[in-house]
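Fold and contact review
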Amino acid sequence: MLKILIIFFILNFYNPAFSSKKENLISQMQLTNNLSFNFIQTINNKNENGKCIIRYPKKIWCEYDNSNKKIIVSNGKSLVIKTANTGSYYRYPLNKTPLVFLLDKEYLISKMNILEPREIDNKYLNFTIFENNNEINVFFDMKSLSLVGWQTEDIYKNLAVTFISSVKINQEINDKIFILPKNN
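First, a word on scope: everything that follows refers to the structure included in this document. (Residues numbered from 1 in each chain as written. Predicted model: local features only at pLDDT ≥ 70, side-chain atom pairs only at ≥ 80, totals over all residues. Heavy atoms only, no water.)

1. A look at helix H2 (residues 21-30)
Turn by turn, an α-helix covers 3.6 residues, leaving residues three or four places apart pointing in a common direction. The line we're drawing: A 1.4 Å probe rolled over the protein chains alone gives each residue an accessible area, and that area as a share of the maximum for its type sets the label: buried under 20%, exposed over 50%, partly exposed in between. Secondary structure elements follow DSSP: runs of H or I of four or more residues count as helices, runs of E of two or more count as strands, with numbering from the N terminus. Here the arc refers to the set of directions running from the helix axis out to each C-beta atom. Contacts: residue pairs with any heavy atoms within 4.5 Å of one another.
Along H2, the residues that are buried comprise Lys 22, Leu 25, Ile 26 and Met 29. Down the axis, H2 shows its buried residues gathered within 100° of arc, on one side only. Packing partners of the buried residues in H2 comprise helix H4 (105-114), strand S8 (124-131) and strand S9 (134-141).

2. Details of H4
Let me state the cut-off plainly: Within 3.5 Å is the distance limit for a polar contact, defined as a pair of N or O atoms, with the added protein rule that one can donate a hydrogen and the other accept it, and that residues adjacent in sequence qualify only through two side-chain atoms.
Within the sequence span of H4, burial applies to Lys 105, Tyr 107, Leu 108, Ile 109, Lys 111 and Met 112. Buried positions along H4 lie against H2, helix H3 (99-102), S8 and S9. Measuring from the side-chain oxygen of the N-cap residue of H4 to the backbone nitrogen of Glu 106 gives 3.2 Å; that N-cap residue is Asp 104.

3. A short note on the packing of aromatic side chains
Here is the rule: In this analysis, rings of Phe, Tyr and Trp, with Trp reduced to its six-membered ring, are considered paired at centre separations within 6.5 Å, and the interplanar angle assigns stacked below 30 degrees, edge-to-face beyond 60, and tilted for intermediate values. When the NZ atom of lysine or the CZ atom of arginine is within 6 Å of a ring's centre and also within 35 degrees of its normal, the charge is said to sit over that ring.
All chains considered together, the criterion is met by four aromatic pairs. An angle of 85° between the planes, with centres 6.1 Å apart, marks the rings of Phe 37 and Trp 150 as edge-to-face. Here Phe 37 is found in strand S1 (residues 34-43), whereas its partner Trp 150 is found in strand S10 (residues 147-153), with 113 residues between them in sequence. When its relative accessible area of 3% is taken as the criterion, Phe 37 is described as buried. Ring centres of Phe 101 and Tyr 107 lie 5.0 Å apart, and the angle between their planes is 40°; on these two criteria the pair is classed as tilted. Residue Tyr 107 is classed as buried on the basis of its relative accessible area, which comes to 14%. The ring of Tyr 64 has Lys 70 sitting right over it, with the charged end atom 4.3 Å from the ring centre.

Geometry only, nothing functional implied.
What follows is the structure, given as structure tokens:
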């Protein structure tokens, strides 16, 4: 009987259900190749919403629902912000934006491995990352361990808060959406 109890405790010690939320979160991130989601972004008390797709590493495509028909695209090296109505077109090196860190799953995992998450209202786990004069807060749902948003400063040093919802993981994605749009 003692042998059975010892085996039971050993097996349960290594059971993922007994591991920490942080370890489970990291495991889930390691299995994630892409995310599709809806978002609400607040910058300077102005809300914008739309939908995005992130493909690790470092690719993003977002389409805003506002009247400007703004899109944001990163091919992993550059980030383009383009509005159809005004014809404005801005291209930035991705590594000059805080998105370079958020779009790099391996970077996030490495930071999560050394940081301890902060629990917020028994709902969220928050990791605060300091990198290259950027403070990046990444938030996960405490129960589902899904990414629910982030907080950064945009390229103009405005606080940008992004909440995401309707997250789908590892969907079939057409890589053509990550081709940078042309400047008209």
